[in-house]
Amino acid sequence: MGEALLTVRGITRRFGDRTILSGLDLDVACGEAVGVVGPNGSGKSTLLRCIVGADEADAGTSTLAGEPLDERVPGIRRDLAVVLDDIDFFPDLSVVEHLDLVARAHAQPDAEEVVNGVLDEVGLMEVSGQLPSTLSSGQRRRLALASAFVRPRRLLVLDEPEARLDVDGVAWLGDKLVAEKGAGRAVLLVSHDPALVARVCDRVVRLGADRDDA
Ligand SMILES: Nc1ncnc2c1ncn2[C@@H]1O[C@H](COP(=O)(O)OP(=O)(O)OP(=O)(O)O)[C@@H](O)[C@H]1O
Ligand SMILES: [Mg+2]
């Protein structure tokens, strides 16, 4: 495998006197997918949030192609697509308007074509004129994933992307993530679905085995 695109070193996160993450290292190369697994509460979402800068680690660094990974930096934002478990949509934009805005805001060439392609792939074409509040929970989850897939990206960071998807949706997601690797992108995936992890991930980081609650 090539040089790491994402390099994570010594991530430590404490909440009060509980140490959730202790000096965690992680690399993800282009064309590679790394899975993060572990029981509820083992720190998977906290790790992703610290890596992408949505939470501040007590110690450690996270770099993308050598640059500190900070979503507020335009050059980094262009390379990074993140779907965490908290999904926010513009309440008064339809599905297609939302995706179109995301694509154009991130300078996606051929935004209209890309949006239509992704709408079709994620099965939201029929509801593309609806507001997010009128979607089913699985459709909202599909919209969150679609928001990542309409933007340019070199690294995809996903927290339980399989959540709320139906069987066909999870199968599509597996194919899509394998294709992301084939396109030379790096994938960091938190998942509770062992079959999805086995299908997509080249390596797995397991959290929670030696938890230090002291
Ligand atoms: N802001 C916070 N304040 C205090 N404790 C927190 C905070 N965020 C997370 N925690 C604690 O950190 C631990 C790890 O939480 P996290 O959400 O990272 O787990 P997870 O591995 O993603 O679990 P799940 O599989 O349920 O999604 C939990 O014990 C949680 O209560
Ligand atoms: Mg979580």
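About the thresholds
- Residues numbered from 1 in each chain as written.
- Chains lettered and ligands numbered in written order.
- Predicted model: local features only at pLDDT ≥ 70, side-chain atom pairs only at ≥ 80, totals over all residues.
- Heavy atoms only, no water.
- Helix = DSSP H or I, 4+ residues; strand = E, 2+ residues; numbered from the N terminus.
- Lys, Arg positive; Asp, Glu negative; His and termini not counted.
- Charge placed at Lys NZ, Arg CZ, Asp CG, Glu CD.
- Buried < 20%, exposed > 50% of the residue type's maximum accessible area, 1.4 Å probe, protein only.
- Pairing = 2+ DSSP bridges.
- Right-handed = clockwise from strand over helix to strand, strands pointing away.
- Salt bridge = Lys/Arg side-chain N within 4 Å of Asp/Glu carboxyl O.
- Domains from an automatic or database assignment.
- Buried area = accessible area lost by both parts, 1.4 Å probe.
- Polar contact = N/O pair within 3.5 Å; in protein donor to acceptor, adjacent residues only side chain to side chain.
- Contact = heavy atoms within 4.5 Å.
- Expected span 1.5 Å × (residues − 1).

### Here's the deal with the overall build of the protein chain
Turning to step 1, where the next piece is worked out: Scanning the protein chain for helices and strands turns up 7 helices and 9 strands.
Turning to step 2, where the next piece is worked out: Here the C-alpha coordinates of the protein chain stretch approximately 50 × 30 × 30 Å along the principal axes.
Turning to step 3, where the next piece is worked out: Each charge class in the protein chain can be summarised by its mean position, and for the 24 positive and 36 negative side chains these summaries are 2 Å apart.

### Let's talk about the pairing of strand S8 (residues 186-190)
Turning to step 1, where the next piece is worked out: Taking burial as the measure, the 5 residues of S8 include 5 buried ones, the bulk of the element.
Turning to step 2, where the next piece is worked out: Residues Ala186, Leu188 and Val190 point to one face of S8 and Val187 and Leu189 to the other, with burial holding for every one of them.
Turning to step 3, where the next piece is worked out: In this structure, strand S7 (residues 155-159) lies alongside S8, joined through 5 bridges in parallel fashion. Residue pairing in the sheet places Val157 in a bridge with Leu188 of S8.
Turning to step 4, where the next piece is worked out: Handedness of the crossover is the feature at issue here: the chain leaves S7, passes through helix H6 (residues 167-182), returns alongside S8, and the resulting connection is right-handed.

### Focus on the pattern of salt bridges
Turning to step 1, where the next piece is worked out: For the structure shown, the criterion picks out 12 salt bridges.
Turning to step 2, where the next piece is worked out: A salt bridge links Arg154 to Asp79, with the nearest nitrogen and oxygen atoms 3.6 Å apart. Pair noted here: Arg154 is in the loop between helix H5 (137-149) and S7 and Asp79 is in the loop between helix H2 (74-77) and strand S6 (80-83), with a separation of 75 residues, a long-range link.
Turning to step 3, where the next piece is worked out: Judged by relative accessible area, which is 37%, Arg154 ranks as partly exposed.
Turning to step 4, where the next piece is worked out: Note that Asp202 is salt-bridged to Lys181, the shortest N-O span being 3.2 Å. With Asp202 in the loop between helix H7 (194-200) and strand S9 (203-206) and Lys181 in helix H6, the pair connects residues that are 21 residues apart, well separated along the chain.

### Describing the domain arrangement of the protein chain
Turning to step 1, where the next piece is worked out: Taken as a whole, the protein chain is organised into domain 1 (1-79 + 154-214) and domain 2 (87-152).
Turning to step 2, where the next piece is worked out: Each of domain 1 and domain 2 was reduced to a C-alpha centroid, and the two centroids are 23 Å apart.
Turning to step 3, where the next piece is worked out: In this assembly, domain 1 packs against domain 2 so that about 1200 Å² is buried in total across both faces, 59% of it on carbon and sulfur atoms.
Turning to step 4, where the next piece is worked out: Among the residues domain 1 hides against domain 2, the three largest losses belong to Arg164, Trp172 and Lys176. Together they make up 39% of the total.
Turning to step 5, where the next piece is worked out: Summed over the shared surface of domain 1 and domain 2, the number is 2 salt bridges.
Turning to step 6, where the next piece is worked out: Here Asp166 makes a salt bridge to Arg142, at a shortest N to O gap of 2.9 Å.
Turning to step 7, where the next piece is worked out: At the surface where domain 1 touches domain 2, the tally comes to 6 residue pairs in polar contact (both at pLDDT 80 or more).
Turning to step 8, where the next piece is worked out: Elements with a minimum of two residues in the side of domain 1 that touches domain 2: S7 and H6.
Turning to step 9, where the next piece is worked out: Among the elements that make up the side of domain 1 that touches domain 2, the one with the highest residue count is H6 (6 residues).

### Some details on the environment of Glu67
Turning to step 1, where the next piece is worked out: Inspection of the secondary structure assignment puts Glu67 in strand S5 (residues 67-68).
Turning to step 2, where the next piece is worked out: Glu67 sits in the partly exposed class, given a relative accessible area of 48%.
Turning to step 3, where the next piece is worked out: The sequence separation of Glu67 and Val197 amounts to 130 residues, and the corresponding C-alpha distance is 28 Å.
Turning to step 4, where the next piece is worked out: Excluding residues within four positions of it along the chain, Glu67 makes contact with Ser62 and Ile76.

### Thoughts on H6
Turning to step 1, where the next piece is worked out: A rise of 1.5 Å per residue sets the reference length of H6, with its 16 residues, at 22 Å; its end C-alpha atoms lie 23 Å apart and thus fit the reference within 8%.
Turning to step 2, where the next piece is worked out: Those residues of H6 that sit buried are Gly169, Val170, Trp172, Leu173, Gly174, Lys176, Leu177, Glu180 and Lys181.
Turning to step 3, where the next piece is worked out: Residues of H6 that are buried sit in contact with strand S3 (33-37), helix H4 (111-121), H5, S7, S8 and H7.
Turning to step 4, where the next piece is worked out: A positive backbone phi angle near 90° is found at Gly184, which sits one or two residues after H6.

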